[in-house]
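Survey of secondary and tertiary structure
Below, each chain spelled out in residue letters.
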Amino acid sequence: MTALRDILIARIAQSGPISVADYMADCLLHPEHGYYTTRDPLGAAGDFITAPEISQMFGELLGLCLAQCWLDQGAPAPFALAELGPGRGTLMADLLRATRAVPGFHAGLRLHLVERSPVLRKAQQARLAGWDIAFHDNAAALPADLPLVLVANEFFDALPVRQFQRDADGWRERLVGAAGGALRFGLGPRGPQPALAHRLEDTRDGDLVELCPGAQAIAGEIGAQIAARGGAALIVDYGDWRSQGDTLQALRGHAPQDPLAQPGAADLTAHVDFEALAHAAAPAVHSRLTPQGVFLERIGITQRARALAAGLAGDALEQHIAAHRRLTHAGEMGSLFKILSLHPTGAAPPPGLNT
Ligand code: SAH
């Protein structure tokens, strides 16, 4: 039993089943019992591990890629350097260290972190000690008058998705209800869904598709700002060009579990629908969706890995080689994870990516 399950069951008894998105939002960010509100979930002792926690090379290379993009656009200053969902602050710390020697980059940047979790904000503050950080609850609060250089790793997969099952020419929303003291999935009434009109072409009766309204809103905001003020975004996550099927998954202690089993105690994510992000970000230009392994190889991870290996021996060297493989190999994170970038019309796409 979790406290959040009792709260949800009582609410459902009073006002009826809730959408998968509302369920996900409470599980992750409930002010008292939410998964991110109450803990640091990252690392070997936590529930999952992310690319920046696997190797410093990830944040370094993404940082140099963004800095090159900023140089290519004439090094506009001041500019907002922003991260969505910075976790422990590791990616940003590696990015900042790697870009120290880029002329004007540190002097021109204003650091903005979008983070809802009080626990992780503390970790970020400690990791980035010495930097002046502006924290925000929402991407909408990023400064609107500056060029925007932004990175987001495994952020969009944490945003609540609605799920719909195809039924003839309409859709039934998948809902979370309760029966016999347990949470259960069910289906709402059939109705039209204008936002899914384009999915009537590539689905059949019974197929399930996902919609992430929060992700589209954020992509719209950052895309509009990059198009108007300049800058670039690197969005890294698991998912594909178009969502298909039920991708809601719960992880606890590095093992998958039933998403309804322990609300608030397990991480909940859904695959990212990059097509929806790219379209919402117009008029910013998006790059072709590129596998993480391909992208990291193109921007020099092997050279960086060799340079770091020269100073290592024994277990540390073994771990370093395993980390390189884990980030890039197709059987590991190399092809499940993808990169989408955004940049203004007329500017070059970030190194390693093409339109
Ligand atoms: N980028 C980090 C952490 C990924 S975990 C890494 O790669 O290690 C997801 C991060 O997004 C966490 O920092 C979490 O607290 C934050 N987050 C999740 N939902 C959010 C939301 N709706 N608004 C702001 N931050 C959110």
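Coordinates for the structure precede this section.
Presented here is a report on the structure given in the accompanying data block. Small disclaimer: the values here were computed from a predicted structure and weren't measured.

With that out of the way, let us pick up the overall build of the chain. Summing up its helical and strand segments, the chain has 14 helices and 17 strands in all. Taken over the C-alpha trace, the chain has a radius of gyration of 21 Å; the compact-globule value for 355 residues is 20 Å, and the two agree within 12%. Sorting the 355 residues of the chain into buried and exposed places 52% on the buried side. In the chain, the share of contacts with a sequence separation of at least 24, taken over all contacts with a separation of at least 6, comes to 75%. Carbon and sulfur atoms make up 53% of the accessible area of the chain, which amounts to about 14,800 Å² in all. The chain carries 29 positive and 37 negative side-chain charges, and their two centres are separated by 1 Å.

To continue, consider unusual backbone geometry. Cis rather than trans, the peptide bond between Ala-77 and Pro-78 has omega equal to -5°. Mapped onto the elements, Pro-78 comes out in the loop between helix H5 (56-72) and strand S2 (79-84). Residue Pro-283 is reached from Ala-282 by a cis peptide bond, and omega for that bond is 15°. Along the polypeptide, Pro-283 turns up in the loop between helix H10 (274-280) and strand S15 (285-286). Despite not being glycine, Ala-75 has its phi angle at roughly 50°, a positive value. Of note, Ala-75 is situated in the loop between H5 and S2. Given the relative accessible area of 29%, Ala-75 is considered partly exposed. Of note, Ala-168 is a non-glycine position whose phi angle comes to about 55°, a positive value. Looking at where Ala-168 falls in the secondary structure, it is placed in the loop between strand S6 (162-167) and strand S7 (170-179).

Once that is clear, we can look at the site of the ligand. Close contacts around the ligand come from 19 residues, with Thr-50, Gly-85, Gly-87, Glu-115 and Asn-153 the closest. At 2.7 Å from a nitrogen atom of the ligand is found a main-chain nitrogen or oxygen belonging to Gly-85. Relative to its free-state accessible area of 580 Å², the ligand is covered by the protein chains to the extent of 97%. Looking at the shell around the ligand residue by residue, the class counts come to nine nonpolar, five polar and five charged.

A separate point is the sheet that holds strand S12 (residues 255-257). The three strands lie next to each other as S12-S11-S13, forming an open sheet whose pairing is antiparallel. At either end of the open sheet lies a strand with only one pairing partner, and these are S12 and strand S13 (267-269). On average, adjacent strands in this sheet sit at an angle of 40° to one another, irrespective of strand direction.

Here we come to the pairing of S2. The element S2 is extensively covered by neighbouring structure, given that six of its six residues are classed as buried. Along S2, one buried face is formed by Phe-79, Leu-81 and Glu-83 and the opposite face, lined by Ala-80, Ala-82 and Leu-84, is buried too. Strand direction decides the pairing type here: S2 and strand S3 (residues 109-114), joined by six bridges, are parallel. Residue pairing for S3: Ala-80 is matched across the bridge by Arg-110. Sheet topology note: the S2/strand S5 (residues 148-153) ladder contains five bridges and is parallel. Counted as the bridge partner of Glu-83 is Val-151 from S5.

With respect to burial, helix H6 (residues 90-98) is a largely interior element, seven of its nine residues being buried. Within H6, burial applies to Thr-90, Leu-91, Met-92, Ala-93, Asp-94, Leu-95 and Leu-96.

Tracing the backbone shows Leu-148 in strand S5. In this structure the C-alpha to C-alpha distance between Leu-148 and Ala-82, which are 66 residues apart in sequence, comes to 7.2 Å. Other than its neighbours up to four places away in sequence, Leu-148 contacts Ala-80, Ala-82, Leu-142, Ile-222, Gln-225, Ile-226, Gly-230, Gly-231 and Ala-232.

What counts and what doesn't
- Residues numbered from 1 in each chain as written.
- Predicted model: local features only at pLDDT ≥ 70, side-chain atom pairs only at ≥ 80, totals over all residues.
- Heavy atoms only, no water.
- Helix = DSSP H or I, 4+ residues; strand = E, 2+ residues; numbered from the N terminus.
- Rg over C-alpha atoms; globule rule 2.2 N^0.38 Å.
- Buried < 20%, exposed > 50% of the residue type's maximum accessible area, 1.4 Å probe, protein only.
- Contact = heavy atoms within 4.5 Å.
- Areas by Shrake-Rupley, 256 points an atom, 1.4 Å probe, with all protein chains shown as cover.
- Lys, Arg positive; Asp, Glu negative; His and termini not counted.
- Charge placed at Lys NZ, Arg CZ, Asp CG, Glu CD.
- Near = heavy atom within 4 Å.
- Polar contact = N/O pair within 3.5 Å; in protein donor to acceptor, adjacent residues only side chain to side chain.
- Nonpolar A, V, L, I, M, F, W, Y, C, P; charged D, E, K, R; others polar.
- Pairing = 2+ DSSP bridges.
- Axes fitted to C-alpha atoms, helices over the stretch in contact; angles between N-to-C directions.

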